[in-house]
Amino acid sequence: MTSNKPFDVEAVRKDFPILNREVQGNPLVYLDSAATSQKPQSVIDTLVRYYTEINANVHRGVHTLSQEATDEYEGARIKLRKLINAKEDAEIIFTRGTTEGINLVAQTFGAQHVGEGDEVIISNMEHHSNVVPWQMLCDERGAHLRVVPINDDGELLMDEYEKLINPRTKLVSIVHLSNALGTINPAKDVVAIAHQHGVPVLLDGAQSIPHMPVDVQDLDCDFYAFSGHKLFGPTGIGVLYGKRELLEAMPPFQGGGDMIKSVTFEKTLYNDLPYKFEAGTPHIAGVIGLGAAVDYVNAIGLENAAAYEHELLKYGTEQLEAIEGLRLIGTAQNKSSVLSFLLEGIHPHDIGTVLDTQGIAIRTGHHCTQPLMQRFQIPATARASLAFYNTKAEIDALVEGIHKTFEVFSL
Ligand SMILES: *Cc1c(COP(=O)(O)O)cnc(C)c1O
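Computed from a prediction, not measured in an experiment: that's the story for all the values here.

Draft legend 1. Spotlight on the domain arrangement of the protein. By domain assignment, the protein separates into domain 1 (9-30 + 301-410) and domain 2 (45-298). Taking the mean C-alpha position of each, domain 1 and domain 2 sit 28 Å from one another. Taken residue by residue, the interface counts 34 residues in domain 1 and 29 residues in domain 2. Summed over both partners, the interface of domain 1 with domain 2 buries about 2600 Å², with 57% contributed by carbon and sulfur atoms. Counting the surface domain 1 buries against domain 2, the share from its top three residues, Leu 302, Leu 372 and Arg 375, is 24%. For the pair domain 1 and domain 2, the number of links is one salt bridge. For the salt bridge of Asp 152 with Arg 375, the shortest nitrogen-to-oxygen distance reads 2.8 Å. Linking domain 1 with domain 2 are 19 residue pairs in polar contact (both at pLDDT 80 or more). Mapped onto the side of domain 1 that touches domain 2, the elements with two or more residues apiece are α11 (302-321), β14 (338-343) and α13 (370-376). Residue composition of the side of domain 1 that touches domain 2, grouped by class: 16 nonpolar, 12 polar and six charged.

Draft legend 2. Structural context of unusual backbone geometry. At the junction of Leu 273 and Pro 274, the peptide bond is cis and its omega measures out at 0 degrees in the coordinates. Looking at where Pro 274 falls in the secondary structure, it is placed in the loop between β12 (268-270) and α10 (284-300). Although it is not a glycine, Gln 24 sits at a positive phi angle of roughly 50 degrees. In this structure, Gln 24 sits in the loop between β1 (22-23) and β2 (26-27). Residue Gln 24 is classed as exposed on the basis of its relative accessible area, which comes to 51%. Notably, Gln 377 is not glycine yet its phi reads approximately 55 degrees, a positive angle.

About the thresholds
- Residues numbered from 1 in each chain as written.
- Predicted model: local features only at pLDDT ≥ 70, side-chain atom pairs only at ≥ 80, totals over all residues.
- Heavy atoms only, no water.
- Domains from an automatic or database assignment.
- Contact = heavy atoms within 4.5 Å.
- Buried area = accessible area lost by both parts, 1.4 Å probe.
- Salt bridge = Lys/Arg side-chain N within 4 Å of Asp/Glu carboxyl O.
- Polar contact = N/O pair within 3.5 Å; in protein donor to acceptor, adjacent residues only side chain to side chain.
- Helix = DSSP H or I, 4+ residues; strand = E, 2+ residues; numbered from the N terminus.
- Nonpolar A, V, L, I, M, F, W, Y, C, P; charged D, E, K, R; others polar.
- Buried < 20%, exposed > 50% of the residue type's maximum accessible area, 1.4 Å probe, protein only.

Put into C-alpha cells, the structure is as follows:
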C-alpha cells in the first residue's frame, strides 16, 4: 500500500459532500462516526446508479437487468471476502448489520449447541447487541452468561478470561474494538485461548472494520460480524463471516425464498452457502453500495488511514487531558478512534447540547453499553469518535467547545 505518502485529509474530505454543510450557522464538525460514518460521493452515486440503471431482483431472472444486478451483488460479495481475507465467497453472509449477524449466530449455532447449564462468555465492555442476544438464548436454554471483567483503563483481564473457560463453555463472543472506550482487544489471543479449549469465538467487528485492516484467517476467529454503515456504506446492510464447516452444520436462520433448493409440503431442501442464510429478497442496493464503500477504503488504504487516525487520536488525547475538570473514560494502551469523557459537574447530555450549538456533533449517553457504564459507576459519557476525514482543526474546535461549555455552566 502507499503508506509513505502523507495522508491528504483535505482531498479525502472533498469526497464526503455532507462535510460541507453548516449546523446552526457553523461548519459541521462531525465527531460521531462510531454511531455511523458519513458516505463518500462514490457510494451515493452507486446507489443512484443501481436504482436508475439496473434495478431488478437477483438470482432469479434470465433477463439482462436481473443478470446485471446479480453480477454486481455477487461482485460485492467478492470485494467483502477480499476485504477481510476470508477463504471463500460462501463464507460471506449478507445481514442487516452487526446486530442481525450476532442474532443469527445466537439463534442457529447457539440454539444448536447451548443447552441447560452451558455457558457463553462475553466481556464487560460489550455493546448491547453482543449482550442481549446471548442473554435471551441463555434464558431460553437455562444456560449462563459469564462476563470477562476489565480494569480501570478499560482493558480485558486476560487471566480472568482464561479462568472463565471450562468444559461447559460453548462460545466466546467479544468486541474487537470497543465503541464506548476505543479499546482494541487482543482478539488473536482471545481466539487462541478459546481454541485451546475447543471453544469457537465470535468477534464483534462493528468498530474494528472501519479502523484497521482485518484478516479473519490470521485472527482465526470462527465468526466475525460487522455493519456497512460504519464502513462508509449504506445503512441496513452488514456482513456475517463464518467458517464454512460451522456454517454448513448450522440450521437456517429464516425460512423463505432464495434459501431453498426445493420445496414440497413434505420436505424442503435448503440451499448451499451462503444462500442458506439469505432468505428473501436481499438489500441489493445496500450490498452494491457497500461494495463501493470497500472500493473506496481500498483506494485510501486502511493502513494509511489507521496511521493518520492514530496521530489524530494522540493529538486529541493530549488536548483533552490538558483540560482541567475533564476525565477520559477509556485509557487502554492499545486504543483507536474514540475519546469518551466526562466534565466535572456537567451532565454529558448538556455537553452534547452546547457543542451542537457550535456545529459539533458528538454522541452522549451510554453508547448501548449500560453494563460498562455500571462498571465505571457513571450514567453516561460524552464521546467524540474519529474517522479518517477528521482533522486536527476539528479537535481544536472540540476543545474550544468544551471550554465554552464550562463557561455556559459556570454562569
Ligand atoms: C454499532 C455497534 C454494534 C451494532 O451495530 P448495528 O449496526 O446497530 O447493528 C455492535 N457492536 C458495536 C461495537 C458497535 O459499535
